[in-house]
Amino acid sequence: MRLSSSLKLRHLEVFVEVARKMSVTQAAEALGMTQPAATRALRELEAVCGKPLVEKHGRGIRLSSYGELFRDHAGRSLALARDGVALLQGLGEAEGPQVSIGALPTVAADLVPDTLAQLHAGRAPGRFVVMSGGNQYLIEQLRRGSLDVVVGRLPAPETMAGVEFDPLYRERVAVVVAAGHPLAGAAHVPSAVFEDYPVLMPSEGSIIRPLVERMFLEQGLSLPRFPVETVSSSFGRRFVLAHQAVWIISHGVVRPDLQAGTMTALPVNTDSTLGPVGLCTRREHRLSAAAQRFCAALRSHCAALGLR
């Protein structure tokens, strides 16, 4: 059996979407197909591979051991094909190919927008799309080829298959309040502060959540009993400024607020939360000239700010 005559791009699209949603019905809806058509494409792919890729699991499905092995290969192959098409489509456009950037909250407040503003001021060619979201979601979009680069904290090792990380600088978590908060300017923070005021915490599953929990343990502090869990910078900023809340978040998220004097950091030792921030790209993906200019400009901007 010749692979070129048996394997189609649609087979990979269906399998990758099924692997992402663990549902043939939802995968079909996402791809604009009928459920029988998606099922047929999946069965045809299994016939080409000679192995079952999915299996029943309770009332739903899950990937078989063969499907788990095939998932990364299928995702990378699909992403490479999309890269090639996007590159060719962009060659004839005066403004250059589109660059899709995933920006985690720690860089979305100032570093990424400031870098894009510098590129615009220098009239560097390029069309940019910026997507925000959680780390796991953005890395999945990167792996699927929907993003060219993701900027943020180093992801968990188990999510790094097929992904390369280029460090830019290291940052820590900050514990901040509004400038007019009763604790602003305090030389010492009592442990009761996390009981006396509303506390915003990073959500379960976020990269910095385990670091924050470890910080509390190391310093003998009790976790807030009734925290508000969020990684939304807009919600967090509004809540802190309006409701005397304590916000525990990556320093980069509140760097503009600290520089403007609208927030102040509490004297809490957060050294143990120090971790790398950098650029994530797919291993097989060759960045376009516009994407390379963005990455280089971001590195220069971080260096100019003294971040390391």
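The structure presented is a predicted model; accordingly, all values stated were derived computationally and were not measured.

### So, the overall build of the protein
Okay, so step 1: Tallying secondary structure elements over the protein gives 13 helices and twelve strands in all.
Okay, so step 2: Along the three orthogonal principal directions, the C-alpha set of the protein runs to about 75 × 55 × 30 Å.
Okay, so step 3: Sorting the 308 residues of the protein into buried and exposed places 44% on the buried side.
Okay, so step 4: Considering only contacts in the protein between residues 6 or more positions apart, those separated by 24 or more positions represent 73%.
Okay, so step 5: Surface exposure of the protein reaches about 15600 Å², of which carbon and sulfur atoms provide 54%.
Okay, so step 6: Placing the 33 positive and 28 negative side-chain charges of the protein at their respective mean positions leaves the two points 5 Å apart.

### Looking at the packing of helix α2 (residues 9-21) against helix α8 (residues 135-144)
Okay, so step 1: In the contact formed by α2 and α8, the axes pass within 12 Å of each other and the chain directions differ by 170°. On the basis of their axis angle, the class for α2 and α8 is roughly antiparallel. Mapping the contact onto sequence places V16, E17 and R20 in α2 and E140, Q141 and R144 in α8.
Okay, so step 2: For the contact of α2 with α8, the residue count by class is one nonpolar, one polar and four charged.

### Quick notes on the UniProt feature "domain: HTH lysR-type" (unreviewed entry) in the protein
Okay, so step 1: Residues given the UniProt feature "domain: HTH lysR-type" (unreviewed entry) here are residues 7-64.
Okay, so step 2: End-to-end, the C-alpha atoms of residues 7-64 are 20 Å apart, and along that stretch the chain is 62% helix and 14% strand.

### With respect to the sheet that holds strand β8 (residues 199-201)
Okay, so step 1: Strand order across the open sheet formed by five strands is β9-β8-β10-β7-β11, with mixed pairing between neighbours. Either end of the sheet is taken by a strand with one partner, and the two such strands are β9 (228-229) and β11 (263-265).
Okay, so step 2: Sheet topology note: the β8/β9 ladder contains two bridges and is parallel. By the bridge assignment, L200 is partnered in β9 with V228.

### Brief notes about the pattern of salt bridges
Okay, so step 1: A full pass over the atoms with the stated rule returns 15 salt bridges.
Okay, so step 2: R10 serves as the salt-bridge partner of E13, at 3.4 Å between the closest nitrogen and oxygen. With E13 and R10 both in helix α2, this residue pair falls three residues apart, about one helical turn.
Okay, so step 3: The class for E13 is buried, based on a relative accessible area of 18%.
Okay, so step 4: Across the pair E218 and R214 runs a salt bridge, and its minimum N-O distance is 3.8 Å. Here E218 and its partner R214 are both found in helix α10 (residues 209-218), four residues apart, which amounts to about one turn of the helix.
Okay, so step 5: Each of the salt bridges in this network shares a partner with another, and the network as a whole consists of E204, R209, E213 and E229.

### Things to note about the environment of T262
Okay, so step 1: Position of T262 among the secondary structure elements: in the loop between α12 (251-260) and β11.
Okay, so step 2: In contact with T262, other than residues within four places in its own chain, are A178, A179, L241 and D257.

### Here's the deal with the sheet that holds strand β12 (residues 275-282)
Okay, so step 1: Strand order across the open sheet formed by five strands is β4-β3-β5-β12-β6, with mixed pairing between neighbours. Strands with a single pairing partner mark the edges of an open sheet, and in this sheet they are β4 (127-132) and β6 (163-171). Within the sheet, the average angular offset between the axes of one strand and its neighbour, ignoring direction, is 20°.
Okay, so step 2: Across four bridges, strand β5 (residues 149-153) lies against β12 in antiparallel orientation. In the strand pairing of β12, V150 is matched with C280.

### Examining the domain arrangement of the protein
Okay, so step 1: Its domain assignment divides the protein into domain 1 (9-90), domain 2 (98-170 + 276-305) and domain 3 (173-273).
Okay, so step 2: The C-alpha-based centres of domain 1 and domain 3 are spaced at 42 Å.

### Overview of the environment of L274
Okay, so step 1: Here L274 is to be found in the loop between β11 and β12.
Okay, so step 2: Apart from the residues lying within four places of it in its own chain, the contact partners of L274 are R153, R170, E171 and R172.

### Some details on the side chain of R255
Okay, so step 1: Here R255 shows up in helix α12.
Okay, so step 2: Beyond its immediate sequence surroundings of up to four residues, R255 is in contact with T106, D110, L111, Y169, E171 and L307.

What counts and how
- Residues numbered from 1 in each chain as written.
- Predicted model: local features only at pLDDT ≥ 70, side-chain atom pairs only at ≥ 80, totals over all residues.
- Heavy atoms only, no water.
- Helix = DSSP H or I, 4+ residues; strand = E, 2+ residues; numbered from the N terminus.
- Buried < 20%, exposed > 50% of the residue type's maximum accessible area, 1.4 Å probe, protein only.
- Contact = heavy atoms within 4.5 Å.
- Areas by Shrake-Rupley, 256 points an atom, 1.4 Å probe, with all protein chains shown as cover.
- Lys, Arg positive; Asp, Glu negative; His and termini not counted.
- Charge placed at Lys NZ, Arg CZ, Asp CG, Glu CD.
- Axes fitted to C-alpha atoms, helices over the stretch in contact; angles between N-to-C directions.
- Parallel < 35°, antiparallel > 145°, perpendicular 65-115°, else oblique.
- Nonpolar A, V, L, I, M, F, W, Y, C, P; charged D, E, K, R; others polar.
- UniProt positions renumbered as here; feature names shortened; annotations may be inferred.
- Pairing = 2+ DSSP bridges.
- Salt bridge = Lys/Arg side-chain N within 4 Å of Asp/Glu carboxyl O.
- Domains from an automatic or database assignment.

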